[in-house]
Structures are given as C-alpha cells and as structure tokens.
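# Chains, contacts and geometry: an overview
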Amino acid sequence: MNILYIGPYRLANNSGLESTNLICNLMELGHKIMTRPVFDGTNLVKNNELVSVFEHTEQNKGSKFDLLIQHLPISRIVQTSKVKNNIYWPILDNAGLSPVEKKKYELISKDGLILYNTKSDKTILDTNTISNLTKFNYTISNKLLSKNSSIFNFGIYNRYKKYYTITDGTMEYAIQNLIINFITKFQNKDYCLVIFLPNTTQNLLDQYQKYIKEIYTIFNINFSINKVIIVPIDYDIETLVSAHKTGDIYISLKDNIQTILSSSLGKQITHYRSEPIISYEKNNLKKFGAIEYKEKLDLDQHSTIENTNNLEEILSHYA
Amino acid sequence: MLSNIATSNIISSIFSKNILLYNAKKDLFFTILLQCELFNTIDSPSQPFSILLSDNPIDFSQTSMKMSLIYHVNSLILFHKEPPQALKKEDKAILDKKLKNSYRLFFSKDIEKSWGLATTEKNINIEYGIPKIDQHIKSKNVCVVNYHKDNGIQNLYQHIKNTIIDCDLIDINTYNNEIINILSQYKICIIPHDTYDTLLAASLGGLVYTSSTQIDESISSIEYIKDYNSINDRLKSDLDRWDTIDASLKENQSYIHGKYNIDKFYSEFNNICTSISRKAFTYET
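Residues numbered from 1 in each chain as written. Chains lettered and ligands numbered in written order. Predicted model: local features only at pLDDT ≥ 70, side-chain atom pairs only at ≥ 80, totals over all residues.

Let us look at the overall build of chain B. Broken down by element type, chain B carries 11 helices and 11 strands. Here chain B has a C-alpha radius of gyration of 20 Å; the compact-globule value for 285 residues is 19 Å, and the two agree. With the principal axes as the frame, chain B shows a C-alpha extent of 60 × 40 × 35 Å. Within chain B, buried positions represent 38% of all 285 residues. A separation threshold of at least 6 residues defines the contact pool for chain B, and within that pool the share at least 24 residues apart is 65%. (Helix = DSSP H or I, 4+ residues; strand = E, 2+ residues; numbered from the N terminus. Rg over C-alpha atoms; globule rule 2.2 N^0.38 Å. Buried ≥ 20, exposed ≤ 12 C-beta atoms within 10 Å, placed from the backbone. Contact = placed C-beta atoms within 7 Å.)

Further remarks concern the domain arrangement of chain B. Residues and elements named next belong to chain B. With domains assigned, chain B is organised as domain 1 (5-129 + 262-277) and domain 2 (140-259). Computed over C-alpha atoms, the centres of domain 1 and domain 2 are 27 Å apart. When contributions to the side of domain 1 that touches domain 2 are tallied by element, the ones reaching two or more residues are helix H2 (28-34) and helix H5 (109-115). When residues of the side of domain 1 that touches domain 2 are assigned to their parent elements, the largest contribution, five residues, is made by H2. In terms of residue class, the side of domain 1 that touches domain 2 is built from six nonpolar, three polar and seven charged. (Domains from an automatic or database assignment. Nonpolar A, V, L, I, M, F, W, Y, C, P; charged D, E, K, R; others polar.)

Okay, the domain arrangement of chain A next. All names here are of chain A. For chain A, the assigned domains read domain 1 (2-135) and domain 2 (155-292). On the domain 2 side, the residues contacting the 14 residues of domain 1 number 10 residues. Only helix H1 (14-28) and helix H4 (119-125) provide two or more residues apiece to the side of domain 1 that touches domain 2. Per-element tally for the side of domain 1 that touches domain 2: the top contributor is H1, with four residues. Counted by class, the side of domain 1 that touches domain 2 contains four nonpolar, seven polar and three charged residues.

Right, let's get into the interface of chain B and chain A. On the chain A side, the residues contacting the 18 residues of chain B number 20 residues. Among the elements that take part in the side of chain B that touches chain A, helix H1 (residues 5-15) of chain B stands out by supplying seven residues, more than any other. Classifying every residue of the side of chain B that touches chain A gives 10 nonpolar, seven polar and one charged.

Here helix H6 (residues 173-186) of chain A spans 19 Å end to end across 14 residues, near enough to the 20 Å set by a 1.5 Å rise per residue. Those residues of H6(A) lying buried are Ile175(A), Asn177(A), Leu178(A), Ile179(A), Ile180(A), Asn181(A), Phe182(A) and Ile183(A). (Expected span 1.5 Å × (residues − 1).)

Let us now look at the confidence of the model for chain B. On average, chain B scores 90 in pLDDT, and the residues at 70 or more come to 98%. Reported for the predicted complex are a pTM of 0.88 and an ipTM of 0.87. (pLDDT = per-residue confidence, 0-100.)

Our next topic: the sheet that holds strand E6 (residues 133-135) of chain A. Residue and element names in this part refer to chain A. With parallel pairing, six strands are arranged side by side in an open sheet as E2-E1-E3-E4-E5-E6. Strands with a single pairing partner mark the edges of an open sheet, and in this sheet they are strand E2 (32-37) and E6. Across this sheet, the average inter-strand angle for adjacent strands is 25 degrees, counted without regard to direction. Bridging between strand E1 (residues 2-7) and strand E3 (residues 67-70) involves four bridges; their strand directions are parallel. Within E3, the position partnered with Leu-4 by the bridge is Leu-68. The sheet contacts of H1 involve E1 and E2, and relative to E2 the element is tilted by about 165 degrees. (Pairing = 2+ DSSP bridges. Axes fitted to C-alpha atoms, helices over the stretch in contact; angles between N-to-C directions.)

In this section: the nonpolar core. The tendency in soluble globular proteins is for nonpolar side chains to be buried as a group. In terms of nonpolar packing, the biggest core is built from 138 residues, with Ile179(A), Leu20(B), Ile51(B), Leu53(B), Cys143(B), Cys189(B) and Ile190(B) touching the most fellow members. Residue contacts for Leu20(B): discarding those within four places in its chain leaves Leu33(B), Phe39(B), Thr41(B), Phe49(B), Ile51(B), Leu53(B) and Cys273(B). (Core = buried A, V, L, I, M, F, W, Y, C linked by C-beta atoms within 7 Å.)

The subject of this paragraph is the pairing of E2(A). Residue and element names in this part refer to chain A. Note: E1 against E2, six bridges, orientation parallel. Bridge pairing in E2 links Gly-7 to Pro-37. For the handedness criterion, the β-α-β arrangement of E1, H1 and E2 is classed as right-handed. (Right-handed = clockwise from strand over helix to strand, strands pointing away.)

We now examine the confidence of the model for chain A. The share of residues in chain A with pLDDT of 70 or more is 90%, and the mean pLDDT across the chain is 86. Residue range residues 276-295 of chain A is modelled with pLDDT below 50. Its contacts to residues more than four positions away, or to other chains, number 22 contacts.

Residues and elements named next belong to chain B. By secondary structure assignment, the location of Asp-194 is in the loop between strand E9 (186-190) and helix H8 (195-202). On the neighbour-count criterion, Asp-194 (22 C-beta atoms within 10 Å) is buried. For the pair formed by Asp-194 and Leu-235, sequence separation is 41 residues and the distance between their alpha carbons is 20 Å. In this view, Asp-194 contacts Asp-27 and Ser-212; residues no more than four positions away in its chain are not counted.

Residue and element names in this part refer to chain B. Strands sit in the order E2-E1-E3-E4-E5-E6 across an open sheet of six strands; the sheet is parallel. Strands at the two margins of the open sheet, each flanked by one partner only, are strand E2 (40-42) and strand E6 (123-125). Sheet twist, expressed as the average angle between the axes of neighbouring strands with direction ignored, equals 25 degrees. Bridge count between strand E1 (residues 19-22) and E2: three bridges; the pairing is parallel. Looking at E2, one finds that Ile-19 is bridged to Asn-40. Taken strand by strand, helix H3 (residues 57-71) contacts strand E3 (51-54) and strand E4 (74-79), and its axis lies near 170 degrees from that of E3.

Turning our attention to the pairing of strand E7 (residues 161-166) of chain A. Residues and elements named next belong to chain A. The pairing of E7 with strand E8 (residues 191-198) spans six bridges and is parallel. Residue pairing across strands places Lys-162 opposite Cys-192, the latter belonging to E8. In this view, the connection linking E7 to its parallel neighbour E8 by way of H6 has right-handed handedness. With two bridges connecting them, E7 and strand E10 (residues 249-252) associate as parallel partners. Bridge assignment links Tyr-164 to a residue of E10, and that residue is Tyr-250.

Right, let's talk about unusual backbone geometry for a bit. Residue and element names in this part refer to chain B. A positive phi angle, near 55 degrees, is found at His-72, a position not held by glycine. Within the secondary structure, His-72 sits in the loop between H3 and E4. Of note, Lys-149 is a non-glycine position whose phi angle comes to about 55 degrees, a positive value. Positionally, Lys-149 belongs in the loop between strand E7 (140-145) and helix H6 (151-161).

What follows is the structure in structure tokens.
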C-alpha cells in the first residue's frame, strides 16, 4: 500500500516515539510510506540511526496515495479529499473534549477511521456521536528494540530490586503520590525506586530532590540512604532501552509507549493509578494533608503484558 | 480549529500547484511574480501555501524564521543585493547558521559570493526575468521611484524638482501593470537601489539612473550614479540630447529581453519552488 503519513516522529517525546514506531511497523509490513514531520517547539530527536530512516521516508516522492494517516492532536488534523482513505490517530491529552473538538471528531469520523490505543483515550472519545472508532494495538518494532544499549550503573543501589518509571513533564500528582508511598512503605525493603526523567530541567530536578527530602523529614524516616533515585536522561531510543534494561519492574503511571516498551523488553509491570483525593484532618492541616489513595501501591503485584499488533488487520480491513 | 494551516500546508505542498507566500517588500519583482500562471503568489496566509518567500535575509534570521516553523513550509530567501557594509565576517557566520534551514536564491554569483555563506545544496543561482511590455510614448521627462517612502530618496526628488520642473515622484504602492505603464511614460527613471526595478525600467525603453552595483555593464541605458550632487546637470544634458539617446536604446531592450528571458525565468523559478516545496519541511536547532 502507498501511504502518506503525517506525524511527530522527529519529536523527542512519547508521541514522537509512537510515531517512529508506527513508521517502522508500516515499513516492516512492506508498505511504501512517505512521511512528513510536524513540530511543536519541543525537543527534537538526536541525529541517530532512526533519523536516517526518516530521511529515507521523507525523500520518497509521489502524489498518489492509497491512504493518508494523520497522527496529530485534533486541532492539527485536517479533512482532505486528496487521498481517498483517511486514518486519524489523534494525540490526546487527558483534558477531555471541548465542544469544538467534539464537533471536529464527529466530522472526521464520517470520512475516516479514528484510532485509539488506551482505555483512557477510549473513555475520552467514546461518545454517541463519534463513530468509526477502532482500537489500535501495536508492538514495538524490531528496529527500535535492536538498538545497542548499555545498563546504567547505580553503584551501591545495584544490589536492590529496582522499581522504575519513566516520566516527563511536571511533577504530577501521581508521581508525588508514588514517592510518598514508596518512602513510607518500602524504605526498609531491598527495593529502590528509580525515576528516569527525559529532557528534564535543573529546576525540575531540584523540585524532585526537595520533595523527596521533605517526605523523609515529614514522615521522620532516616534519610541516610535515599531509596528514590532521580535520573535525568536524553529522550532517545538507545537511552530509553538502557533505562528499561536497567530496571527490574516497571511502574506504569499511564498507559503509553513506555509500558509497551518495557513489556517488549520482558519486564514485569505494576500498574499504579492514583486518584488525587486529599482529605485534611480537622485541626491538623499538615502541609500534605492526609492522602487517601483510591488504589494502593502494591509492588508485589506485577505481571507481564501480552503485546498484540492489529495494524495490518486495520489497514487491510479499512483501506 | 476545524482547519489547521500547518497541516494544510504540508498537504498543499505535496498535492497542489505552488502557492508562494510573499513575506517581502512589495516591489516590481513581486508584481512580476503575481503575473505568472505557473504558480500563485499571495501576500498573506489566507489560504494554504507551499513556500515562504523572503527578500530580507537579516530580518528573516531575526524575526521571520519562526514563521517557517509555525507554518511547516520550507522558506526561500531571495538575495537581490549585496549585504550591508555593516555586516562583518562574524555576523555573516552567525547569519549562515541561522539560515541553515532555509533555501537561498541568489540573482548572481557575485551576490552569492558577497554574502559569504557556506556553499550548500540549498544555495541556488538564477537570472532575473524581464517581461516584454507594450511601449508608451515618452511623454514625460523624469521620475524618481520611491515605493518604500525612503527619506533620502524623497530629499533627492526635492533636490531635482528645484531645477527640473517636469519631475515626478512615483511612490504609489500598486502591484499590477499600472505601475509599469506609468514608468514606461518617462524618458529617465531614477531608481537608486533596486536592481530588478532598474532592469525592468530599462526594458521600457528609457534611461535609468541607479546606484545598484549589480547591473550588467553592457546595458548602456542604465547609468551608474555614485554621487547624486551633480545629478541635475547630468539630467539636463541627457534630456537635451534625448533624440540621439532614444535611437540607441532599442538595442538595449533586445539585449535585456534576451538575457533576462521572462518565460525561462518563470519556468526555472517554478521548478525551483516545486523542488523545494516537495521536500519535507525539517529544521535543525
């Protein structure tokens, strides 16, 4: 199939990695693909082997395509009649749909297929008026998994069982909650928590260190051995694979490509979902309040995920 | 929300005829681009487009570069003249770095050399194209062209006007054949800076005074003016012997139209734009 793909594959973030993975998957399935990147002002992937893959797909020429795939935020998706078949894989945030966005989904669902990958995306999109929704299961391309990668050396922490997560952006509630839980419940076990922060800033690193110290102080726990390790990393596939290979059990805070990547690398996974319910005891307004967890952290409950890929099925069925 | 210009531009650059967003000084070159049927030229992003054009490398590097990123289209910078003298070697190196994501179109090898930018496949050379325009009777004497309301040119006009009464200031801003028809009526046009405007005015059959250094010396109807102090004497002299001069100007017109063939220019320019617009827009930081 001759496919035109527009997506964020040159961006160094999870959407960018999903985009890269989709391109590699399409190539592995034997499709001819021409790609066009989109940018949003965030970091770009480094010039590595994968960039040469993009350079190849960007140089493909043509103006006749069987399928156009737009892998973009809904605000950037456009309707076009230039290509007969359209697949939209919207990049969703967790904010839900505005009335305008909902309207746009309704419109595009009339002339194309809308893909979603996670339960939370389905929840956001699952309205009566948006049709043509299809669950897209993907696996990690061998091109990504075959990257040469080393293992991080954490010195004295190497002997601990390493629970780890990869998170970007701000220090969200879920990660704060995870840190509190880990420090208060597992300080005495031979566990450590490694938080990999891709493309981070010194400011965010300082915030993490300050926060961890405060938790130890507030809960009167000996800080002599801090079991929470913050590791700034570059967002490139080699480093990400290294991070996953270094950790023992992946803590999945959100369903995203990192969870699938960890699973593809044979890691055990514990899903950690935390809803922000904070209740303050009367007359005892401590800084962090008393936090109630909808779901408790149970690090001993972890499992593997079976990855499936229905990309070819979607393409052959639809286009 | 229902449409997105960046994504529309990506699609437009793959499937559509070239649409150029002319983010540059409106001049005769712009007028000539507007008249080409091989591509469309627009001056505001009111519809999807496939290339961003600029004629000011320095301004583009400082303020307009992000437009290319916002609109997800490749940019083509037109180098009509040499760099300002104030631009030092190190400034040129910085400029070169800032323009690394842009294609650069030079209208002569000398101009390309004068900017001192790195030689890359993004550097392109092309000759101007000058259209053949119906001739008008030279019923008026002198005009001073000042589309961009330059104070220095305004003062020059006043200086000439004090001596030569039949002298007009052309400062209207219209981008169609009207301006060309107006210029065509003058025996002598004074166009201090713009190379393209100078060539086009010379092709209309009159004399042109200019300070542009990028003029082919074979064209005798273009007189290079270094110092405007004695311009009135020169004008008087040329006007006095107009009948003699007029007879020799026809040759220049044929030369200009031969060297700067408009159809060849349109075709080459369109091919350049197609080649650039069909390439994926990427950028390096």
